[in-house]
Amino acid sequence: MTLEVQTAQHAVVQGPADRQIAADAERLSAELAKLRGRLFPPSAMKTLRPFTSGEAARLIGVTDGYLRQLSISGEGPSPEVGAGGRRLYSLADVNALRAHLAGQGGAKARHYLRRRQPGEHLQVVAITNFKGGSGKTTTSAHLAQYLALQGYRTLAIDLDPQASLSALFGYQPELDLSGNDTLYGAIRYDDERVELSSIIRPTYFDGLDLVPGNLELQEFEHTTPQHLAARGQGAGQELFFARVQQAISTVEANYDVVVIDCPPQLGYLTLSALCAATSVIVTVHPQMLDVASMSQFLFMTSDLLAVVREAGGELNFDFLRYLITRYEPNDGPQTQISGFLRTQFGDRVLTAPMLKSTAVSDAGLSKQTLYEVGRENFNRATYDRAYEALTAVNAEIEALLIQSWGRKP
């Protein structure tokens, strides 16, 4: 390396740290915007690939032959015909076929259309952990997309100021979002508060909407102590931990399930999400340091939720489950720790673990999930193994949701 290059590089890092960090942020943001434009041209908006007739049939729960008969007889939406005469269905087509088949009545009507029925409560699933890197956002994204693929009206809420969930759905928070574009807009304490319905954005998954996140969410952590100091503990509308629940209740009729990606910290946002939740999934990476961290997280959560309960908050979870994530079956220590967790918590540890897979990380390079990418883009054995493991986790959670509604899985 020449002296000139060394001097130039050294000059870059001179000056106030805040300016250097700001410059790095702007440079990274600009490059990410260029990358998004290359990945999703020309509008730089993500779309969901169409499904083959075999995939569509599996999603609906019918045979490919029956789906072909429906197409020939002109029942339901007409599929797109691709190369070689292959029939391709969008997710909107799949949902239209579900509605068509359910409309015929009979014992299978609910099998085709799985939406919650009158008297069944909205399910709000909080995905949480105290430690970053536990696969929390990956779990949230895949669960929300899985539920949408199964026909549930789903709302995903990104409650993490780092906004990784929003990025997976194609948003670059610092460019695509401005004021009041996150859940903070619906739970803030001042006169600028808006209705949650005005913040919700549709996604490229039919039946799946998103409340995006960005750094604005951090304002709730700053303004809540000020609000509590100015007004005291108060009651009713002024209880900070009820604000997320109150906001969600305004759109309750539009959804079957809400999936909340919580921040990796136990602050006011996470507490509010837990108070709004009807069920909780705690992600844990099977490493000893992560398990020790989870122990502290549980102690702190218990203490804080006890204070919330004594202040009048309702804490009645339909279920609380621990999900082992980034699991490597051939890793001896991970196997031991997974066994240890199952010994301690029994059936409150989900039977299926979320496997660590290069297919998931490779899909993430283009801000996609395993449910978005095509099988043809990967080593098929690797893809199938990851897809089956991922779907086993989500199907297990779906069964718990169905049980909470009083149905048989």
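Residues numbered from 1 in each chain as written. Predicted model: local features only at pLDDT ≥ 70, side-chain atom pairs only at ≥ 80, totals over all residues. Heavy atoms only, no water.

Chemist: I would appreciate a short explanation of helix α5 (residues 91-102) in the present structure.
Modeler: Every α-helix carries 3.6 residues per turn, so stepping three or four residues along brings you back to the same face. Between the first and last C-alpha of α5 there are 16 Å, a value that for 12 residues agrees with the 16 Å anticipated at 1.5 Å per step. Listing the buried residues of α5 in full gives Leu91, Asp93, Val94, Asn95, Leu97, Arg98, Leu101 and Ala102. The inward-facing, buried residues of α5 contact β1 (51-52), α3 (53-60), α4 (64-72), β3 (87-89), α6 (109-112) and α7 (136-149). (Helix = DSSP H or I, 4+ residues; strand = E, 2+ residues; numbered from the N terminus. Expected span 1.5 Å × (residues − 1). Buried < 20%, exposed > 50% of the residue type's maximum accessible area, 1.4 Å probe, protein only. Contact = heavy atoms within 4.5 Å.)

Chemist: Mind showing me how you'd approach the confidence of the model for the chain here?
Modeler: Low pLDDT marks stretches whose predicted atomic positions should not be read closely. Overall, the predicted model of the chain reaches an average pLDDT of 83, with 85% of residues at or above 70. Residue range residues 1-13 is modelled with pLDDT below 50. Its contacts to residues more than four positions away, or to other chains, number four contacts. The low-confidence segment residues 233-237 (pLDDT under 50) makes five contacts with residues lying over four places distant or belonging to another chain. (pLDDT = per-residue confidence, 0-100.)

Chemist: Explain the sheet that holds strand β7 (residues 208-211) here, please?
Modeler: Read from one edge to the other, the open sheet built from seven strands follows the order β6-β7-β5-β8-β4-β9-β10, with strand pairing classed as mixed. Of all strands in the sheet, those bounded by a partner on one side alone are β6 (201-202) and β10 (319-324). In this structure, strand β9 (residues 279-284) lies alongside β10, joined through six bridges in parallel fashion. Along β10, the bridge assignment pairs Ile281 with Arg321. In the packing of helix α14 (residues 288-310) onto the sheet, contacts are made with β4 (123-128), β9 and β10, and the angle to β9 comes to roughly 150 degrees. (Pairing = 2+ DSSP bridges. Axes fitted to C-alpha atoms, helices over the stretch in contact; angles between N-to-C directions.)

Chemist: Just checking my understanding: could you explain helix α15 (residues 332-345) for this structure?
Modeler: Its 14 residues give α15 an end-to-end C-alpha distance of 20 Å, which sits within 8% of 20 Å, the value for a rise of 1.5 Å per residue. Within α15, burial applies to Gln334, Ile337, Ser338 and Leu341. Looking down the long axis of α15, one finds its buried residues gathered within 105 degrees of arc, a one-sided arrangement. Projecting away from the buried face of α15 at angles above 90 degrees are the exposed residues Gln336 and Thr343. Turning to α15, the residues buried within the fold contact β9, α14 and β10. At the C-terminal side of α15, Gly346 shows a positive phi close to 60 degrees. (Arc of directions from axis to C-beta.)

Chemist: Help me out: how do you make sense of the pairing of β9 in this one?
Modeler: Within a regular strand, side chains alternate between the sheet's two faces. For β9, the tally of buried residues reaches six of six residues, placing the bulk of the element in the interior. Sheet analysis places β4 next to β9, joined by four bridges and oriented parallel. For Thr128, the partnering residue across the bridge sits in β9 and is Val282.

Chemist: Got a minute to help me understand the nonpolar core in this structure?
Modeler: It is characteristic of soluble globular proteins that their nonpolar side chains tend to be buried jointly. Counting residues in each nonpolar core, the largest one holds 59 residues, and the members touching the most others are Ile60, Leu67, Leu147, Phe205 and Ile281. It is helix α17 (residues 380-404) that provides the largest number of residues to this core, a total of eight residues. Beyond its immediate stretch of four places on either side in the chain, Leu67 contacts Ser53, Ala56, Ala57, Ile60, Val62, Arg87, Tyr89 and Leu97. Membership of the second largest hydrophobic core comes to 51 residues, among which are Leu155, Leu183, Ala247 and Ala276. (Core = buried A, V, L, I, M, F, W, Y, C linked by side-chain atoms within 4.5 Å.)

Chemist: Would you take a moment to explain the sheet that holds β1 for this structure?
Modeler: Strand order in this open sheet of three strands is β1-β3-β2, and the pairing throughout is antiparallel. The two strands at the open ends of the sheet, each matched to only one other strand, are β1 and β2 (80-81). Sheet topology places β1 next to β3; two bridges connect them, and they run antiparallel. What sits directly across from Thr52, in β3, is Leu88. Packing of α5 onto the sheet brings it into contact with β1 and β3, and relative to β3 it is tilted by some 85 degrees.

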